Amino acid sequence: MALLDSVTTCLSQPVHYAICKLGFEKKDTYDINNILSGNGEVCWQAVAEHVCYLESDQSVDYIKSIRSLGPVCESVNLYFKSLTKEQFVIQYASWFHWTNCTEVFLEVFDVLQYTQATEVALGLMKLTSCLERALGDVYLLKGNDCPFLLRDLLASEQLADVFGQAVMNVLRVFIGSPYGLNLRNVLWHGFASPQEIPAKYCAMLLFLTAGLGQLLQTYLLQAKCVLVHRPYVIFTSLEELDAFPVLNNEILSIAEELLKQSSFVLKIMLPFWIAALTAFKKSKYADSVILLLPQLEVGLRLLFTTTNKCPNRLLTAESSALYTTFDEMLAKHLDNEEVNQLPVVLEEPAMASDFLWDFLNHQEGPRIRDRLSHGEINLETFPRELANQIVGFAITVLCRFSDEDMFSLKEHMVIKPLMNCASCYRSRFHPISQLKKQVLECMKSIHLWPELPTVPEEQVQMVKGLEGNAEANTLILMISEIISQLQHYMPQNCCSSDDLINSVLTERLLMELCDTRICTLYSPRPVLEVVVVLRKISTQCHQVSQQVIAGAGLRYSQWVNKTLRSRQRHNYLRMLSSIKFLSPMLRLILLLITLELVSVHSVCKKNPFDYQQYLKFLKSVLQYTENLVTYTSPEKNKWDETMELTNKILIKIRKISDRKLMLMHLAT
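Sequence order as written defines the numbering, with residues in each chain counted from 1. Residues qualify for local features only when their pLDDT is at least 70, as the model is predicted, and side-chain atom pairs are given and counted only at 80 or more; totals for whole chains, interfaces and linings, by contrast, use all residues. Calculated side-chain values reflect all of the structure's heavy atoms, with hydrogen atoms and water omitted.

S.K.: For this particular structure, what's the right way to read the packing of aromatic side chains?
M.R.: We describe a pair of aromatic rings using the distance from one ring centre to the other and the angle between the two ring planes. Between 30 and 60 degrees the pair is tilted, below 30 it is stacked and above 60 it is edge-to-face, where a pair is any two Phe, Tyr or Trp rings, Trp via its six-membered ring, whose centres lie within 6.5 Å. Applying the stated criterion to the full structure yields 20 aromatic pairs. The rings of Tyr79, Phe80, Phe88, Tyr92, Phe96, Phe105, Phe109 and Phe207 are connected pair by pair, giving a single aromatic cluster. Note on criteria: charge over ring means Lys NZ or Arg CZ within 6 Å of the ring centre, with the direction from the centre no more than 35 degrees off the ring normal. Taking the ring centre of Phe191 as reference, the NZ or CZ of Arg301 above it sits at 3.9 Å. Over the ring of Phe401 we find Arg400; its NZ or CZ atom is 4.7 Å from the centre of that ring.

S.K.: Sorry, what's going on with the environment of Ile537 here?
M.R.: Helix and strand assignments follow DSSP, with helices taken as H or I runs no shorter than four residues and strands as E runs no shorter than two, numbered in order from the N terminus. Positionally, Ile537 belongs in helix H28 (residues 525-560). Along the backbone, Ile537 and Ala552 are 15 residues apart, and their C-alpha atoms lie at a distance of 22 Å.

S.K.: I would appreciate a short explanation of the side chain of His50 in the present structure.
M.R.: Within the element layout of this structure, His50 appears in the loop between helix H3 (44-48) and helix H4 (62-82). Definition of a polar contact: a pair of N or O atoms within 3.5 Å, with one able to donate and the other able to accept a hydrogen when the atoms are protein atoms, and with sequence-neighbouring residues admitted only if both atoms are side-chain atoms. For His50, the side chain forms a polar contact with the side chain of Ser68, separated by 3.0 Å. Note on contacts: a residue pair is in contact if any heavy atoms of the two residues lie within 4.5 Å. Ignoring anything within four residues of it in the chain, the contact list for His50 reads Tyr30, Ser65, Ser68, Leu69 and Val72.

S.K.: Please clarify how the nonpolar core should be interpreted in this entry.
M.R.: Most often, soluble globular proteins keep nonpolar side chains buried together rather than apart. Judged by nonpolar contacts, the single largest core of 160 residues is most densely connected at Phe80, Tyr92 and Phe174. For this core, the element with the most residues is helix H12 (residues 199-223), which contributes 14 residues. Residue ranges labeled as domains rest on an automatic or database domain assignment. A domain-level breakdown of this core finds at least three residues from each of domain 1 (13-223) and domain 2 (238-423). Aside from chain neighbours lying at most four places away, what touches Phe174 is Leu69, Cys73, Leu181, Asn182, Leu183, Tyr201, Met204, Leu205 and Leu208. The nonpolar core is taken to be a set of buried Ala, Val, Leu, Ile, Met, Phe, Trp, Tyr and Cys residues, with the residues joined through side-chain atoms within 4.5 Å. Buried, partly exposed and exposed residues are distinguished by accessible area as a fraction of the type maximum, computed with a 1.4 Å probe on protein chains only: under 20%, between the cut-offs, and over 50%, respectively. With 71 residues, the next largest nonpolar core counts Val455, Val530, Trp559 and Leu628 among its residues.

S.K.: Sorry, what's going on with the packing of helix H6 (residues 102-114) against H12 here?
M.R.: A pair of packed helices is characterised by two quantities: the angle between their axes and the separation of those axes. Orientation is described by lines fitted to C-alpha atoms, with helices fitted over the stretch in contact, and by angles between N-to-C directions that extend from 0 to 180 degrees. At a closest axis distance of 10 Å, the pairing of H6 and H12 adopts a crossing angle of 150°. Here H6 runs over H12; the crossing is left-handed. On H12, the residues that touch Phe105, Val108, Phe109 and Leu112 of H6 are Ala199, Cys202, Ala203, Leu206 and Thr209. Here the term charged refers only to Asp, Glu, Lys and Arg, the term nonpolar to Ala, Val, Leu, Ile, Met, Phe, Trp, Tyr, Cys and Pro, and the term polar to all other amino acids, Gly among them. Taken together, the residues of the contact of H6 with H12 break down into eight nonpolar, one polar and no charged. It is the rotation of the near helix from the far one that decides the hand of a crossing: anticlockwise by less than a right angle makes it left-handed, clockwise makes it right-handed.

S.K.: Even after reading the chapter, I still don't get the domain arrangement of the protein chain, so can you show me in this structure?
M.R.: A common way to state how big an interface is: give the accessible area lost once the parts meet. The assigned domain composition of the protein chain is domain 1 (13-223), domain 2 (238-423) and domain 3 (432-659). On a C-alpha basis, the centres of domain 1 and domain 2 stand 30 Å from each other. In this complex, domain 1 contributes 27 residues to the contact, which on the side of domain 2 involves 31 residues. Roughly 2600 Å² of surface becomes buried between domain 1 and domain 2 when both sides are summed, with 65% attributable to carbon and sulfur atoms. A pairing counts as a salt bridge when a side-chain nitrogen of Lys or Arg comes within 4 Å of a carboxyl oxygen of Asp or Glu. A salt bridge links Asp287 to Lys126; its shortest N-O distance comes to 2.9 Å. At the junction of domain 1 and domain 2, the tally comes to five residue pairs in polar contact (both at pLDDT 80 or more). Listing elements by their share of the side of domain 1 that touches domain 2, those giving two or more residues are helix H2 (13-20), H6, helix H7 (117-139) and helix H11 (183-188). A 1.4 Å probe defines the accessible area here, and the buried area is the portion of it lost by two parts on being joined, summed over both.

Below is the structure:
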């Protein structure tokens, strides 16, 4: 509890001064009519006059600008408080349509009427994310590749062309510049407590957003163009995200008790935690996650700065330096190349880091913090399943860092399953995990081949000039020899001397190998380079399988209906002959991929030279599979060439497998 009470702010002194005091130094009252026309439009010129510039280079003087705009913001806040909801809707709702989030901005107006600190902060986080997304849509009217960072977006020539540079400078005083108030970042990264965000700044951004809508309407009419909104990110396969059981009110009530005793929670941030759990109970899932993510960040930052003995980094850094965010806290090393000690203090370091990497960082994961904070997600339809995982993870962290006298709660029958799920968590979106998924999906596709319709053997033998079975059998024999070499590195009881191919190259074996726990946290670059190539190989194999399935079905139908010409009939029968060796060949490649996964960490570490040689070999396998995709396509149907290609690569595989076996032996 001493740690909870000892931290009174996470804002550095200059940042705290800029946000909490600077805009309150001028005590004079500002007349709202100076910046508001008779029909309710924003007088941008009058607002822009409060932005001050440095004499040296005419760049924005943020200190003087914040001080000058302070009374203006207060005037806007009081003006909004004087309006009824109906008046506000009539006068301003249409000016928010350009954001594609009108309801969010109307909710912010409601919040301002009561000035509840936590709700104001939440409203400001939602407002800035929706505003950023809308500004990105405007950017795309004139440019390509919208900047990822709000700072770069607001500084772009494209937005200055639409709204005017003076208007963009006003916005940059409030958001986007590390030299200004930087409200978006200090909130989304968990630095500001609820009481440290003045409501008048939220009111001013609401006012300015309406003003931007007015300017944009004029621009669109003059330019004769239409603003197109980018589609929201839609989360598919939500079942892949399931890490924790469904949270009920009993679990959430226990979580509320844990909040009071957990050293993970700063006392000044407690209102955010309570609001997050309350929002989840009320089925406001986006609100719950928006409130919770910054608190997970600040809690981990507290642990990070304590364990790495850099307490000063708990605070926001100055504009000239980076502040500590998730990316750095999850890294293996600090900036000074020392080992990051944060994973050491976590009870399940791999679990906690893997979960956070999965949900926040990995490119194929939900990247929930980025997408929420940049406005890429529809807040109205945010999935409960996703919120359940973030809240569930947060509860396990609260338990991990609770006092010993909370033992009864931590051992409660509804909490134990959460903790068990946490300890068993494995990465789902690391490239290695995604490769495992690809391999199994490809194997399922190949397993459909025996069910493909085929021509009776007696009809095949009636076709003169057909050769290829002998060559196919030779290839199958080579595949069996390679499997025999690899037997020692596979689970026992999976091999039959009578039929190596069908006893070894099975879906069951691949599932067993893929279930082998592989450390994905902090995978070295050589490992990731290998995984990139393996994923490409797997993708090509799956493409071949899909083409064979589609082609075989079509050709059989044409055979039955007697619509194939003589040359097409011969080509179809060559396809059937090729399928006999292609199925075990593709399964062999998938087996090699999974065996490589098991050993790649050790091989890359112990035998860097051999790793480079093996990487070259893998690229030759990739070239083979890419050629297979071409030759098995409906446009090519080059089945004789497929046999020749396969023979050449099998010779390479047989040579390298002896060498590879030695490497795997060294690795083990």
